[in-house]
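Fold and geometry: a report
Each chain, letter by letter, is given below.
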Amino acid sequence: MSKIEIFENERATGYNQFVETWIPNYNYFLDLLPKLLSDTNRKDLLVVGCGTGNEIERFVQAPERWTITGTDPSPEMIKQAREKLQNYDNVTLIEGLLSDIDIEKKFGAATLLLVLHFLDDNGNKLNLLKDIAEKLVSGASFVMLDITGDKNQIRENLKILRHLLPDGLDEEQISNRLNRIENELFYVSEQRLSELCIEAGFETPLRFFQSSIYMGWLTKKK
């Protein structure tokens, strides 16, 4: 089973503000998701690491009706998601991992946003991707958003990201965060991400979005 980083305390309560600050065009990316997956035959969606429910919110507001299952190991993140989505009867939220979903349940699409860079490439990334593939029907669409690139690419794009951050942020916090991204997170190159997806049972992923270090990918289960 893959090790998952759990957001707690202030990391959970301040998550929405954090992603909107640090990921340029974050909300634009989320708005794309229902359109990207609109040709999916089965409108049942698996949201892995659903956090506070930001992407689920886009799908429940989409013209087409989706049945959505979101999982996250953080009690505080799931609590926020439940409060946000309590009026929707087509959403099931699970405080836990993929293994906590009914083993027979399959989905027509899945998302994995801002999760992989917390997992070391020692089998943990691959295991999570394999676990997701096992929950999908053949031909199901799969969208990822993650910090992607080799060491030099990340270093150069972090210089761009610094220019794109909102005004008024504390310089020490900026430096600490940029250092953490470059030296403590488990990002991989585009080639390695593609290799992992193929080994897990997906087609070669297509990059359709990039905002500095953050790249969005679309693929399908073989």
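As a reminder, the structure under discussion sits directly above these lines.
Just so you know, these numbers come straight off a predicted model, no measurement behind them. (Residues numbered from 1 in each chain as written. Predicted model: local features only at pLDDT ≥ 70, side-chain atom pairs only at ≥ 80, totals over all residues. Heavy atoms only, no water.)

**Description of the overall build of the chain**
When you go through the chain residue by residue, the secondary structure sums to nine helices and seven strands. At 17 Å, the chain has a C-alpha radius of gyration in line with the 17 Å of a compact globule built from 222 residues. Each of the three principal axes of the chain carries a C-alpha extent, and together these read 45 × 40 × 30 Å. Expressed as a percentage of its 222 residues, the buried residues of the chain come to 51%. For the chain, restricting intrachain contacts to residue pairs at least 6 apart in sequence, the fraction spanning at least 24 positions comes to 72%. Summed over its atoms, the accessible surface of the chain is roughly 10,700 Å², and 45% of this surface lies on carbon and sulfur atoms. (Helix = DSSP H or I, 4+ residues; strand = E, 2+ residues; numbered from the N terminus. Rg over C-alpha atoms; globule rule 2.2 N^0.38 Å. Buried < 20%, exposed > 50% of the residue type's maximum accessible area, 1.4 Å probe, protein only. Contact = heavy atoms within 4.5 Å. Areas by Shrake-Rupley, 256 points an atom, 1.4 Å probe, with all protein chains shown as cover.)

**Some remarks on the packing of aromatic side chains**
A complete count under the given rule lists five aromatic pairs for this structure. When the ring of Phe29 is compared with that of Phe208, the centres are 5.8 Å apart and the planes differ by 15°; the resulting orientation is stacked. Of this pair, Phe29 sits in helix H3 (residues 26–36) while Phe208 sits in strand S6 (residues 206–211), and the two are 179 residues apart along the sequence. For Phe29, a relative accessible area of 0% translates into the label buried. When its relative accessible area of 28% is taken as the criterion, Phe208 is described as partly exposed. Taken together, a centroid distance of 4.7 Å and an interplanar angle of 25° make the contact between Phe142 and Phe202 stacked. (Phe/Tyr/Trp six-rings, centres within 6.5 Å; stacked < 30°, edge-to-face > 60°.)

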